[in-house]
There are 2 protein chains.
Amino acid sequence: MRATLMHGAGDVRVETIPDPALQEPTDAIVRVVAACVCGSDLHPYRSMASRDGGVQMGHEAVGIVEEIGSGVTGVTPGDLVIVPFAYQDNTCAFCRDGVQTSCEHGGFLSAAQAELLHVPQASGTLVPVPADADEALLPSLLTLSDVYLTGHHAAHTGRVSPGKTVTVIGDGAVGLSAVLASRELGAERIILMGRHQARTDLGREFGATDVVAERGAEGVAAVMDLTGGAGSHVVLEAVGHLPAYEQAYGVVRPGGVISRVGVPQYERAPIGFGSLFGKNATLTGGPAPVRAYIEAALPAVLEGRINPGRVFDRTLSLEEAPAAYRAMDSREALKVMLRP
Amino acid sequence: MRATLMHGAGDVRVETIPDPALQEPTDAIVRVVAACVCGSDLHPYRSMASRDGGVQMGHEAVGIVEEIGSGVTGVTPGDLVIVPFAYQDNTCAFCRDGVQTSCEHGGFLSAAQAELLHVPQASGTLVPVPADADEALLPSLLTLSDVYLTGHHAAHTGRVSPGKTVTVIGDGAVGLSAVLASRELGAERIILMGRHQARTDLGREFGATDVVAERGAEGVAAVMDLTGGAGSHVVLEAVGHLPAYEQAYGVVRPGGVISRVGVPQYERAPIGFGSLFGKNATLTGGPAPVRAYIEAALPAVLEGRINPGRVFDRTLSLEEAPAAYRAMDSREALKVMLRP
């Protein structure tokens, strides 16, 4: 099959490799209908050391079940399915707690930008959708494998609710998804911090009531000004770099919540009296257990009531994956869908 | 009046200074019936640079209202009152959010180890208790000015509830208070991390089901073992030093909560993928808005159903304040009450 491999920073290639095969009775093989490039794929694209043979890329997919192991229930070959970026048994104690990304038998997919995808723990992972779903819904269905529900996870763990002021840091696809999810959860005011107007324009369509283009201390001052000096009840951090986190504790209101879903590119950061502790701010978030949220989000997508797939502003063939990375790295494209 | 002043590390003196006076119509003067030394007073006791004239100490008190400003309502001279360690108007937006320690007109008391105490924002700060309260209740009433409700704040913001496993780090008076508060909130299992047996014995009486004396990696391993490898739903960190925080993220269960009430003696600490983010752990806590909790806690204390005042294992006169600091610094005493 054809698959996308990264050989080092800036070096993405589409190559022919052996088809994946069932390894455990709980596995499935899914024929990928649509995959995409994630903002988190850009971290290795910018920094990965060269590696012989390369590594397969991609963790978001909608596809058709090709083959299932003898122990797989709930899906059958031919089903159209959403493939969450993490696999899980969806039955262990952590899954029952709603933290499927910490499943005892779980892990992260990393081979979805390909024709065929090997999925462990298929019974707990794959979510079938109506086979006659309109082709136009495909982008939004694909967002349920990661990006929209990552934005939703931020808003959910940040306890966004009616009456709340929410600040979203980052106008990438996750940040815009967090705006849409905050609107769905009833936020009264949504301040989007971002400086790319095409993106913040989409953010406004998704529900942002204010846009702050400034960053750092100026950005913090602008949000404090918009909130009458009080700060934001909830801050959703969708970037992952330290300056974004610093903005987050700068604008969070006393007693408020910072929810992070941008994968932190740092380990140590301020959490003492001057940042979090003094104002009783809560820090939450993590890798989104999207499996926990798919069924609840599906009806709004299938009915067309929300259209999170609008974060895809370009569609390329799988063969064009290198161009997809380039376009996202240079910020020409917000998020690129790949069609094998 | 006589008052306790700290002139530098290890240098506490009781001296005669001018009586405090009303400065604003919203002030009150309280005659202190009982005060005490806080674990947080030991931080300057160990590190404060020498200062000419010294600084007054103490932020916990029960007393009798001596004098009130013209704008004070809700209390009158002669009332027996609890004085929370932070003062607040109890009406601003942050107070209404339950974050009284961030009150727009608030601040922290720092002169309670004295005969008389000047209290700003008296209407919003002082809580009257029945004047005929039994003298034997005095220690427990005094804990409502800080230590017990700081433990309660940890448990409350950590979302302790029936069925939860809670790990409390620290066997000081705040840690033991957090144990008692966790039991009151219905925790199923309470693991107390501490190595002073007299203290952990009191912890068991307060509700601890397990005691772990080991620290660091060994302590983490012991808690993981006790929880079948899953970790603790809630971790209450009642120390404030970095190793205690490191233990906290070591034992927190995926999706769990770390609640800090020990004043952090650090600013930067790990919060990235390997500590908090990867397992979707939540970090919360801060200076306890005890004013938010006093009325709810009072009945159990007045009825004698809980006795948080047992954290006081020594009572000294105000004149003996230097000995009180020495006894707590050397860990001879858990917590010392001072009677002017």
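Just so we're clear, the structure is a prediction, and the values are computed from it rather than from any experiment.

Cut-offs applied
- Residues numbered from 1 in each chain as written.
- Chains lettered and ligands numbered in written order.
- Predicted model: local features only at pLDDT ≥ 70, side-chain atom pairs only at ≥ 80, totals over all residues.
- Heavy atoms only, no water.
- Pairing = 2+ DSSP bridges.
- Helix = DSSP H or I, 4+ residues; strand = E, 2+ residues; numbered from the N terminus.
- Contact = heavy atoms within 4.5 Å.
- Axes fitted to C-alpha atoms, helices over the stretch in contact; angles between N-to-C directions.
- Buried < 20%, exposed > 50% of the residue type's maximum accessible area, 1.4 Å probe, protein only.
- Right-handed = clockwise from strand over helix to strand, strands pointing away.
- Patch = residues over 30% accessible without salt bridge, like charges linked within 9 Å, V, L, I, M, F, W, Y side chains within 5 Å.
- Areas by Shrake-Rupley, 256 points an atom, 1.4 Å probe, with all protein chains shown as cover.
- Salt bridge = Lys/Arg side-chain N within 4 Å of Asp/Glu carboxyl O.
- Domains from an automatic or database assignment.
- Buried area = accessible area lost by both parts, 1.4 Å probe.
- Polar contact = N/O pair within 3.5 Å; in protein donor to acceptor, adjacent residues only side chain to side chain.
- Nonpolar A, V, L, I, M, F, W, Y, C, P; charged D, E, K, R; others polar.
- Disulfide = S-S within 2.5 Å.
- Least-squares fit on C-alpha atoms with pLDDT ≥ 70 in both.
- Phe/Tyr/Trp six-rings, centres within 6.5 Å; stacked < 30°, edge-to-face > 60°.
- Lys NZ or Arg CZ within 6 Å of the ring centre and 35° of its normal.

We now examine the sheet that holds strand β4 (residues 55-56) of chain A. Residues and elements named next belong to chain A. The antiparallel open sheet is built from three strands, whose spatial order is β2-β1-β4. The open sheet terminates on both sides in strands that have one partner only, identified here as β2 (11-16) and β4. In terms of strand pairing, strand β1 (residues 2-8) meets β2 through six bridges, oriented antiparallel. When the sheet's bridge partners are listed, Leu-5 is paired in β2 with Arg-13. In the packing of helix α11 (residues 321-329) onto the sheet, the strands contacted are β1 and β2, and the crossing angle to β2 comes to about 160°.

What follows concerns the pairing of strand β14 (residues 232-237) of chain A. Residue and element names in this part refer to chain A. Burial of β14 is extensive: five of the six residues sit out of reach of the surface. Sheet topology note: the strand β11 (residues 165-169)/β14 ladder contains four bridges and is parallel. Across the sheet, residue Thr-167 finds its bridge partner in β14, namely Val-235. Read from β14 through helix α9 (residues 242-251) to strand β15 (residues 252-260), the crossover connection turns out right-handed.

Let us now look at a nonpolar patch on the surface. Side chains of Phe-108 and Val-263 of chain A together with Phe-273 of chain B sit close together on the surface and give an oily, nonpolar patch of about 250 Å² of accessible area. By the secondary structure assignment, Phe-273 of chain B is in the loop between β16 (268-270) and β17 (282-285). Given a relative accessible area of 39%, Phe-273 of chain B falls into the partly exposed group.

Now for the domain arrangement of chain A. Residue and element names in this part refer to chain A. Along its sequence, chain A is organised into domain 1 (2-146 + 289-339) and domain 2 (149-285). Relative placement of domain 1 and domain 2: their C-alpha centres are 26 Å apart. A buried area of about 1700 Å², summed over both sides, lies between domain 1 and domain 2, and 61% of it is on carbon and sulfur atoms. Ranking the residues of domain 1 by area buried against domain 2 places Tyr-293, Arg-310 and Leu-334 at the top, with a combined share of 36%.

Facing 41 residues of chain B, the contacting portion of chain A comprises 41 residues. Between chain B and chain A, the buried area comes to about 3300 Å², and carbon and sulfur atoms account for 57% of it. If you sort the residues of chain B by the area they bury against chain A, Ile-271, Phe-277 and Asn-280 of chain B come out on top, with a joint share of 21%. On the surface where chain B and chain A come into contact, there are two salt bridges. Arg-253 of chain A is the salt-bridge partner of Asp-97 of chain B, the closest N and O atoms lying 2.9 Å from each other. Where chain B packs against chain A, one counts 26 residue pairs in polar contact (both at pLDDT 80 or more). Secondary structure elements with two or more residues in the side of chain B that touches chain A: α2 (93-96), α9 (242-251), β15 (252-260), β16 and β17 of chain B. In terms of residue class, the side of chain B that touches chain A is made up of 20 nonpolar, 14 polar and seven charged. Alignment of strand β16 (residues 268-270) of chain A against β16 of chain B, held across three bridges, turns out to be antiparallel. Looking across to β16 of chain B, one finds that Pro-270 of chain A is bridged to Arg-268 of chain B.

Moving on: the sheet that holds strand β2 (residues 11-16) of chain B. By definition, the strands of a sheet pair up through backbone hydrogen bonds, in either a parallel or an antiparallel sense. Residue and element names in this part refer to chain B. Taken together, three strands build an open sheet; the order of strands is β2-β1-β4 and the sheet is antiparallel. In the strand order of this sheet, the two ends are held by β2 and β4 (55-56), each with one partner. By the bridge criterion, two bridges tie strand β1 (residues 2-8) to β4 in an arrangement that is antiparallel. Bridge pairing links Met-6 to Val-55 in β4.

Residues and elements named next belong to chain A. Within the secondary structure, His-7 is located in strand β1. On the accessibility criterion, His-7 (9% relative accessible area) is buried. Every residue in contact with His-7, bar those within four places of it in the chain, is listed here: Arg-13, Glu-15, Met-48, Ala-49, Ser-50, Arg-51, Gly-53 and Gly-54.

The next thing to look at is the environment of Ala-321 of chain A. Residues and elements named next belong to chain A. Inspection of the secondary structure puts Ala-321 in helix α11. With a relative accessible area of 0%, Ala-321 lands in the buried category. The spacing of Ala-321 and Pro-120 is 201 residues in sequence and 24 Å in space, taken between C-alpha atoms. Apart from the residues lying within four places of it in its own chain, the contact partners of Ala-321 are Thr-4, Val-12, Val-14 and Leu-338.

Right, let's get into the environment of Tyr-325 of chain A. Residues and elements named next belong to chain A. As for its placement among the helices and strands, Tyr-325 is situated in helix α11. Relative accessible area serves as the criterion here: at 0%, Tyr-325 is assigned to the buried category. As for Tyr-325 and Met-48, which are separated by 277 residues in sequence, their C-alpha atoms are 14 Å apart.

Attention shifts here to the state of the cysteines. Simply put, the disulfide is a covalent bond whose two ends are the sulfur atoms of two cysteines. All names here are of chain B. Evaluated as defined, the whole model comprises zero disulfides over all chains. Cysteine Cys-36 is unpaired, with the sulfur of Cys-38 as its nearest cysteine sulfur at 7.2 Å. Distance from the sulfur of Cys-103, which forms no disulfide, to the nearest cysteine sulfur (Cys-95) is 3.8 Å. Taking the relative accessible area as the measure of exposure, Cys-103 reaches 8% and is therefore buried.

Residues and elements named next belong to chain A. Those residues of helix α10 (residues 294-302) not exposed but buried are Ile-294, Ala-297, Leu-298, Ala-300 and Val-301. Here the buried face of α10 lies against β6 (80-83), β10 (127-129), α4 (138-143) and α5 (147-157). Positive phi appears at Gly-304, one or two residues downstream of α10, with a value of about 75°.

With that out of the way, let us pick up the relation of the copies chain B and chain A. Overlaying chain B with chain A gives an RMSD of 0.0 Å, the required rotation being 180° about an axis along which the chain moves by 0.0 Å. When the rotation and shift are considered jointly, the pair of chain copies conforms to a two-fold rotation axis. Considering only C-alpha atoms, the residue of chain B closest to the rotation axis is Leu-283 of chain B, which sits at 2.5 Å. When the interface residues of chain B are mapped onto chain A, 100% of them are again interface residues, pointing to one common binding face.

Below, the discussion takes up the packing of aromatic side chains. Residue and element names in this part refer to chain A. Under the definition given, this model contains ten aromatic pairs over all chains. Three or more aromatic residues joined by ring pairs form one cluster here, namely Tyr-245, Tyr-249 and Tyr-266. Sitting above the plane of the Tyr-245 ring, Arg-260 keeps its charged end 6.0 Å from the centroid.

All names here are of chain B. With five of five residues buried, strand β11 (residues 165-169) lies mostly within the body of the structure. In terms of strand pairing, β11 meets strand β12 (residues 189-193) through five bridges, oriented parallel. What sits directly across from Val-166, in β12, is Ile-190. In terms of handedness, the path from β11 via helix α6 (residues 173-184) over to β12 forms a crossover that is right-handed.

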